[in-house]
Amino acid sequence: MDDTILEVTDLSVEFATYGGVVQAVRGVSFTVQRGKTLAIVGESGCGKSVTVQSIMGLTPVPPGKINSGTALLNGKNILGLDTKSANQFRGVEIGMIFQDPMSSLNPTMTIGNQIAETLMVHRGKSNRDALREATVLLERTQIPEAAKRAKQYPFEFSGGMLQRAMIAQSLACNPSILIADEPTTALDVTIQAQILELMQELQRTENMSIILITHDLAVVARMADEVAVMYAGEIVESGSVDDIFYKSAHPYTLGLKQAMPSNTANREKQLIPIHGSPPDLFAPPVGCGYYARCPHAMKTCERNPPELFALGDEHYAKCWLQHPDAPTVDALNQMDN
């Protein structure tokens with residue numbers, strides 16, 4: 001039985017600006033399995049949020065434009081739908097937690113009314129029934145005194161409580177997929193752990209799939225089943241969480257791991273930053289997007305876009321180092337020396 005609930009193939013998105021056309025997403029493909037968590041990882045500006053916003057139909061057109069691709073939700077392509085058609089799955093089949101709940105919630109409406117609005121629009125519930133269910137949803141997300149809190153406004157909530165309210169709103173219609181775009185960025189470590197634990201608990205009880213957008217590898221290690229590493233608008237490596245952490249194949253993935261703090265007591269261990277800057281997506285590189293920053297770059301990397309190499313069961317990497325005829329990293333280091 002195929003448990004694939006969402007299949008994205010060859011998604012390309014660009015933005016027309018005064019300075020030119022930005023190729024923000026370039027040929028992205030991935031799948032989401034029922035009840036599993038896919039983490040999309042990468043530094044700021046790599047195209048993570050644009051990817052999921054395009055799937056949700058939230059990319060403004062213009063200046064945005066989807067050049068190619070499909071996104072099959074239970075076998076139906078949801079890319080490029082008009083607003084009325086998109087609203088049939090937005091908030092119903094796919095819920096979304098935005099990065100900044102304060103700017104995503106309406107400051108002039110109570111929390112309860114904002115959650116109730118979702119139920120009234122998508123489920124046809126009366127105002128009274130919707131408000132009653134909104135209180136239940138707040139209770140499910142572990143907000144104390146839910147009935148009282150439902151009558152309060154966003155400015156009366158703390159950051160952690162706002163994020164819980166956003167989760168309650170996104171779960172109102174029991175979606176099959178929850179997209180969480182940097183859900184813990186503005187929260188302290190304790191609240192972050194509570195939000196992640198809440199998401200895991202809801203996933204277990206609802207058999208819900210999660211697409212987690214983040215740059216925090218610690219969150220990925222805790223939450224993800226599958227990982228897609230993005231760089232310069234492309235997925236450069238994908239695989240299980242164990243593949244990405246223990247069998248890293250792309251130099252960018254290795255660079256992210258080396259720049260990640262550890263909880264060991266070894267004070268001599270240094271964090272190794274990734275030097276340089278991402279490429280200009282007004283004019284993306286002809287070859288590998290990571291060429292200018294890669295410590296193991298070869299001449300072919302500059303001129304030829306890397307192929308997608310299969311490294312194991314569902315483990316893939318776009319890197320010429322994985323070609324059967326490529327020199328080993330040790331050999332390249334000796335050549336540099």
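Relevant structure appears above.
Residues numbered from 1 in each chain as written. Predicted model: local features only at pLDDT ≥ 70, side-chain atom pairs only at ≥ 80, totals over all residues. Heavy atoms only, no water.

Visitor: What exactly am I supposed to notice about the overall build of the protein here?
Guide: Helices and strands together make up the secondary structure of the protein, namely 13 helices and twelve strands. In terms of overall size, the protein behaves like a compact globule, its C-alpha atoms giving a radius of gyration of 21 Å where 337 residues would be expected to give roughly 20 Å. Each principal axis of the C-alpha distribution contributes one length, and for the protein these read about 70 × 50 × 45 Å. Looking at the protein as a whole, 47% of its 337 residues are labelled buried. Expressed as a percentage of contacts within the protein between residues at least 6 apart in sequence, the contacts between residues at least 24 apart total 62%. With an accessible surface of roughly 17,100 Å², the protein has 50% of that area assigned to carbon and sulfur atoms. Side chains of the protein give 27 positive and 37 negative charges; the mean places of these two sets differ by 6 Å. (Helix = DSSP H or I, 4+ residues; strand = E, 2+ residues; numbered from the N terminus. Rg over C-alpha atoms; globule rule 2.2 N^0.38 Å. Buried < 20%, exposed > 50% of the residue type's maximum accessible area, 1.4 Å probe, protein only. Contact = heavy atoms within 4.5 Å. Areas by Shrake-Rupley, 256 points an atom, 1.4 Å probe, with all protein chains shown as cover. Lys, Arg positive; Asp, Glu negative; His and termini not counted. Charge placed at Lys NZ, Arg CZ, Asp CG, Glu CD.)

Visitor: Looking at this model, I keep getting lost on the packing of helix 7 (residues 159-170) against helix 8 (residues 189-206). Mind explaining?
Guide: Any two packed helices are characterised by the angle at which their axes cross and by the distance between the axes. Running from N to C, helix 7 and helix 8 point in directions that differ by 15 degrees, and their axes come no closer than 10 Å. By the angle class used here, helix 7 and helix 8 are roughly parallel. Considering the relative orientation of helix 7 and helix 8, their crossing is right-handed. In contact with Gly160, Gln163, Arg164 and Ile167 of helix 7, helix 8 contributes Ile191, Gln194, Ile195, Leu198, Met199 and Leu202. Across the contact of helix 7 with helix 8, the residue classes tally to six nonpolar, three polar and one charged. (Axes fitted to C-alpha atoms, helices over the stretch in contact; angles between N-to-C directions. Parallel < 35°, antiparallel > 145°, perpendicular 65-115°, else oblique. Left-handed = near helix turned anticlockwise from the far one by under 90°. Nonpolar A, V, L, I, M, F, W, Y, C, P; charged D, E, K, R; others polar.)

Visitor: Is there a simple way to think about unusual backbone geometry in this case?
Guide: For residues besides glycine, phi is generally negative; the peptide bonds are generally trans as well. Put simply, Val61 and Pro62 share a cis peptide bond, and its omega is -20 degrees. Secondary-structure assignment places Pro62 in the loop between helix 1 (48-55) and strand 4 (64-73). Geometrically, the link from Pro62 to Pro63 is a cis peptide bond, its omega value of 5 degrees lying close to zero. Inspection of the secondary structure puts Pro63 in the loop between helix 1 and strand 4. Phi is positive for Asp10, which is not a glycine, with a value near 50 degrees. On the secondary structure map, Asp10 appears in strand 1 (residues 4-17). Judged by its relative accessible area of 38%, Asp10 is partly exposed. For Asn174, which is not glycine, the phi dihedral falls at a positive 50 degrees. Position of Asn174 relative to the elements: it lies in the loop between helix 7 and strand 7 (177-181).

Visitor: Help me understand the sheet that holds strand 4 in this model?
Guide: Two modes of strand pairing occur in sheets, parallel and antiparallel, and in both the strands are linked by backbone hydrogen bonds. Taken in spatial order, the four strands make up an open sheet running 2-1-4-5, and their pairing is antiparallel. Single-partner strands in this sheet number two, and they are strand 2 (20-33) and strand 5 (76-77). With two bridges connecting them, strand 4 and strand 5 associate as antiparallel partners. Pairing of Leu73 across the sheet is with Lys76, part of strand 5. Contacting strand 1, strand 2 and strand 4, helix 1 crosses the sheet at an angle of about 110 degrees to strand 1. (Pairing = 2+ DSSP bridges.)

Visitor: I'm lost on the sheet that holds strand 8 (residues 209-214) in this one. Help?
Guide: Ordered in space as 6-7-8-3-9-10-12-11, the eight strands form an open sheet in which the pairing is mixed. Because the sheet does not close on itself, it has two edges, and the strands there are strand 6 (94-97) and strand 11 (308-312). Ignoring strand direction, the axes of neighbouring strands in this sheet form an average angle of 20 degrees. Where strand 7 meets strand 8, five bridges bridge the pair, whose relative direction is parallel. Bridging across to strand 8, Leu178 finds its partner in Ile210. Across the face of the sheet, helix 7 comes into contact with strand 6 and strand 7 while running at roughly 170 degrees to strand 6.

Visitor: Looking at this structure, I do not really get the environment of Leu162. What am I missing?
Guide: Summarising the element assignment, Leu162 is placed in helix 7. Non-local contacts of Leu162, meaning those with residues more than four positions away in its chain, are made with Pro101, Met102, Leu105, Pro154 and Phe157.

Visitor: What is the right way to look at helix 7 in this model?
Guide: Residues separated by three or four positions in an α-helix point in the same direction, a consequence of the helix having 3.6 residues per turn. With twelve residues, helix 7 extends 17 Å from end C-alpha to end C-alpha; this agrees with the ideal 16 Å at 1.5 Å per step. Burial within helix 7 is extensive, with eleven of its twelve residues counted as buried. The complete set of buried residues in helix 7 reads Gly160, Met161, Leu162, Gln163, Arg164, Ala165, Met166, Ile167, Ala168, Gln169 and Ser170. (Expected span 1.5 Å × (residues − 1).)

Visitor: What exactly am I supposed to notice about empty space enclosed by the protein here?
Guide: To locate leftover empty space, one rolls a probe as large as a water molecule over the atoms. One pass over the structure, following the stated rule, counts three cavities of 30 Å³ or more. Lining the largest cavity we find His250, Pro251, Cys288, Cys294, His296, Cys301, Pro306, Lys318, Cys319, Trp320 and Leu321. A per-class count over the lining of the largest cavity returns eight nonpolar, two polar and one charged. (1 Å grid on protein atoms, 1.4 Å probe; cavity = no way out; pocket = protein on both sides within 12 Å on 5 of 7 lines; lining within 4 Å. Points joined across faces, edges and corners; volume = space filled by probe spheres on them.)

Visitor: Sorry if this is basic, but what is going on with helix 1 here?
Guide: Within helix 1, six of the eight residues are buried, which leaves the element mostly enclosed by the surrounding structure. When we look at burial in helix 1, the residues that qualify are Lys48, Val50, Thr51, Val52, Ser54 and Ile55.

Visitor: Where do I start with the nonpolar core in this structure?
Guide: Core analysis: the largest hydrophobic core is formed by 59 residues, its most contacted members being Leu6, Phe30 and Ile211. Residues within four places of Leu6 in sequence aside, it is in contact with Phe30, Thr31, Val32, Ala71, Leu72, Leu73, Ile177 and Ile211. Residues Ala116, Ala134, Val219 and Met223 belong to the second largest nonpolar core, which totals 35 residues. (Core = buried A, V, L, I, M, F, W, Y, C linked by side-chain atoms within 4.5 Å.)

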